Amino acid sequence: QVQLVESGGGLVQAGGSLRLSCAASGRTFSNYAMGWFRQAPGKEREFVAAITWSGGSTYYADSVKGRFTISRDNAKNTVYLQMNSLKPEDTAVYYCAADRILTTTPGAYAYWGQGTQVTVSS
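Note that the structure is predicted; figures quoted are calculated from it, not measured.

> It is not clear to me how the sheet that holds strand 1 (residues 2–7) should be interpreted in this structure. Could you clarify?
Each strand in a sheet pairs with another by means of backbone hydrogen bonds, the pair being arranged parallel or else antiparallel. Overall, antiparallel pairing links the four strands, which are arranged 1-3-8-7 in an open sheet. Strand pairing shows two members of the sheet lacking a second neighbour, strand 1 and strand 7 (68–73), which therefore form its edges. Between one strand axis and the next, the sheet turns by 15° as a mean value, whatever way the strands run. Where strand 7 and strand 8 (residues 78–83) come together, six bridges link them in antiparallel fashion. Bridge pairing links serine 71 to tyrosine 80 in strand 8.

This is the structure we're talking about:
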């Protein structure tokens, strides 16, 4: 089992920044690829960003490319999502997820956090 706890969400004005953190416990964190997903009211959960177990490769949804950065610190068992130039359409609950295989498909991830709310005001 891997337990994931997100933090860092909040209310921010358009154009502002937030950094989300996801702290992992349980099995060896460095064995897992990590992903960030988001879900807005009335919409399906969507892929935001993912990172390989080593941090050597990262992947982004087109909607966040150039604005968001995913990173990880395996010594701290933590993955981060730096979000810059936020837009109202970024408003959603953000979830981190872990699995041994990196994918952009939410259903493929075995472990999920409880989510953190991000609200961007115009």
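> Looking at this model, I keep getting lost on the state of the cysteines. Mind explaining?
Overall, the coordinates contain one disulfide when judged by the stated rule. Each sulfur in the disulfide pair cysteine 22 and cysteine 96 lies 2.0 Å from the other. Classification of the bridge connecting cysteine 22 and cysteine 96 rests on its S-S torsion, roughly 50°, and on that basis the disulfide is right-handed. Taken as a pair, cysteine 22 in strand 3 (residues 18–26) and cysteine 96 in strand 9 (residues 92–99) lie far apart in primary sequence, 74 residues in all. Of the two residues, cysteine 22 and cysteine 96, both sit in the buried class.

> Would you mind showing me how to read the pairing of strand 1 here?
Looking along a regular strand, one sees the side chains alternate between the two faces of the sheet. Only one face of strand 1 is covered, namely the one carrying Val2, Leu4 and Glu6; the face carrying Gln3, Val5 and Ser7 has none of its residues buried. Looking at chain direction, strand 1 and strand 3 are connected through six bridges and run antiparallel. Note on strand 3: the bridge partner recorded for glutamate 6 is cysteine 22.

> Please explain the pattern of salt bridges as it appears in this structure.
In a structure, side chains of opposite charge can pair up when their charged atoms sit close to one another. The full count for this structure, using the stated rule, is four salt bridges. Between arginine 38 and aspartate 90 there is a salt bridge, and its shortest N-O distance comes to 2.9 Å. In this pair, arginine 38 is assigned in strand 4 (residues 33–39) and aspartate 90 in the loop between strand 8 and strand 9, connecting sequence segments 52 residues apart. Arginine 38 gets classed as buried once you look at its relative accessible area, which sits at 5%. Here aspartate 90 falls in the buried class, since its relative accessible area comes to 1%. The salt bridge partner of arginine 67 is aspartate 90, with a shortest N-O separation of 2.7 Å. Remark: aspartate 90 occurs in the loop between strand 8 and strand 9 and arginine 67 occurs in the loop between strand 6 (58–60) and strand 7; sequence separation between them is 23 residues.

What counts, and where the lines are drawn
Residues numbered from 1 in each chain as written. Predicted model: local features only at pLDDT ≥ 70, side-chain atom pairs only at ≥ 80, totals over all residues. Heavy atoms only, no water. Pairing = 2+ DSSP bridges. Helix = DSSP H or I, 4+ residues; strand = E, 2+ residues; numbered from the N terminus. Axes fitted to C-alpha atoms, helices over the stretch in contact; angles between N-to-C directions. Disulfide = S-S within 2.5 Å. Buried < 20%, exposed > 50% of the residue type's maximum accessible area, 1.4 Å probe, protein only. Salt bridge = Lys/Arg side-chain N within 4 Å of Asp/Glu carboxyl O.

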